[in-house]
Structure formats: C-alpha cells, structure tokens
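Overview (structure and organization)
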Amino acid sequence: MPQISQFAESWYAASQIFWVLLTFGFVFLVIGRGMLPKIEATVDARDRKVADDLAAAKAAHASADSLEESYRQQSDASRAAAQTAVQDAKNKAVRDAEKRLAKVDAELAGKLAAAETDIGAARKSAMAEIESVAAEAASDLVAKLSGAKVATADAKAAVKAVLHG
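As a starting point, this report considers the structure included with it. (Residues numbered from 1 in each chain as written. Predicted model: local features only at pLDDT ≥ 70, side-chain atom pairs only at ≥ 80, totals over all residues. Heavy atoms only, no water.)

**Some thoughts on the overall build of the protein chain**
Of the regular secondary structure elements, the protein chain holds 3 helices and 0 strands. Shown N-terminal to C-terminal, the secondary structure of the protein chain runs as helices and strands in the order α-α-α. The C-alpha radius of gyration of the protein chain comes to 62 Å, more than 25% above the 15 Å expected for a compact globule of 165 residues. Across its three principal axes, the protein chain shows a C-alpha extent of roughly 190 × 35 × 20 Å. (Helix = DSSP H or I, 4+ residues; strand = E, 2+ residues; numbered from the N terminus. Rg over C-alpha atoms; globule rule 2.2 N^0.38 Å.)

**Re a nonpolar patch on the surface**
A surface patch of nonpolar side chains, about 690 Å² in accessible area, is lined by Phe26, Val27, Val30, Ile31, Met35, Leu36, Ile39 and Val43. Its place among the elements puts phenylalanine 26 in helix H2 (residues 13-146). We classify phenylalanine 26 as exposed; its relative accessible area is 58%. (Patch = residues over 30% accessible without salt bridge, like charges linked within 9 Å, V, L, I, M, F, W, Y side chains within 5 Å. Areas by Shrake-Rupley, 256 points an atom, 1.4 Å probe, with all protein chains shown as cover. Salt bridge = Lys/Arg side-chain N within 4 Å of Asp/Glu carboxyl O. Buried < 20%, exposed > 50% of the residue type's maximum accessible area, 1.4 Å probe, protein only.)

**What to know about the side chain of glutamate 131**
Within the secondary structure, glutamate 131 is located in helix H2. In this structure glutamate 131 touches Val159, Lys160, Leu163 and His164, once residues within four positions along its chain are discounted. (Contact = heavy atoms within 4.5 Å.)

**What to know about the environment of alanine 157**
Take alanine 157: it is sitting in helix H3 (residues 152-164). Alanine 157 sits in the partly exposed class, given a relative accessible area of 47%. Taking the C-alpha atoms as reference, alanine 157 lies 117 Å from leucine 54; in sequence the two are 103 residues apart.

**Examining the pattern of salt bridges**
Side-chain pairing between opposite charges can occur once the charged atoms of the two side chains come close. Within this structure, the stated rule accounts for 5 salt bridges. A salt bridge links lysine 49 to aspartate 53; the nearest nitrogen and oxygen atoms lie 3.6 Å apart. Pair noted here: lysine 49 and aspartate 53 are both in helix H2, with a separation of 4 residues, about one helical turn. Owing to a relative accessible area of 41%, aspartate 53 belongs among the partly exposed residues under this scheme. Note that aspartate 96 and lysine 92 form a salt bridge whose closest N and O atoms lie 3.3 Å from each other. Of this pair, aspartate 96 and lysine 92 both sit in helix H2, 4 residues apart, roughly one helical turn. A relative accessible area of 27% means that aspartate 96 is categorised as partly exposed. When salt bridges with common partners are traced through the structure, they connect Glu68, Glu69 and Arg72 into a single cluster.

**Here we look at the packing of aromatic side chains**
This structure, assessed with the given rule, holds 1 aromatic pair. Between the aromatic rings of phenylalanine 18 and tryptophan 19, the centroid separation amounts to 5.2 Å while the plane-to-plane angle is 70°, which identifies the pairing as edge-to-face. Under the relative-accessibility criterion, phenylalanine 18 is labelled partly exposed at 46%. (Phe/Tyr/Trp six-rings, centres within 6.5 Å; stacked < 30°, edge-to-face > 60°.)

Have a look at this one:
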C-alpha cells in the first residue's frame, strides 16, 4: 500500500507514530479506566435490579398460588356448608310437611268418622221413615185391593221383612 510506504519514508513518521500511540494510550486510559468501570457498574446494577425483580415476581407468584389455594379451600368449605344447609332445610321441610300431613289426616279421619256416624244415623232415620211410609202404603193398598184391614204392626213387620231380608 502506497500510503503505508509513504508513511514510513517520511522524516516526521516517528513523530506521527508517537502521537498516534499517545492518543491511543490516552483513549485507552480514559475509556478503560474512567468509563468502563461506570458502564460495568451500570450493567451490574441493572443485572441486580432484574434479579431482584425476578425474585419479587417469583415471591408474588408463590403468594398468589397460596392465596388461590386458600380461596379454593374456603370455596370448597363454603360450598359444603351450603349443601349441608340446603339438605338440612329440605329435611326440616319434609318433617314439617309430614307433621302437617299427619295432623290433617287425623282431622280428616275424625271428620270422616263423624260423617259416617251422621250418615248411619240419617240412614237409620230414613229407613225408619221408609218403613213407616211403606207400612202405611202397604196397609192402604191391601185395604183398597182386598178390602181387608191390616194392623199397623203387621204391616210394619211385613215391610221390615221385605226391606231387611
């Protein structure tokens, strides 16, 4: 290369080499001794901050996991308690309904017995009335058809025999 050969041939080449070396040395000292430690300190501080942030994120994640597990346990316990409360309410409602049903059944049985008694009494009364009317009608029929007079007691006995027998 011609530039390098010119550089070596010139009489002031030694002086240029000296200043180049001096400039490079100065730059090396300024950058290597002055700026490089500051840059390294900044990089180390950034690395420490990133590491601290990662540790804080891991701790927050672990805390969130434990909080989620606690929430799940509370939710499961609440769900179980709610199901127990619902089942207890159903059981109580069934017992109350059975009690009311038994009470109503007892009342209806009493009313039914009273109604059957009343019906029996009404039937007896109606039968007595029917027997009386039938006995009168029978004695009137016999009197009109045959002209014979039948005693009321005989007519009642005949009607009773026909109705009950």
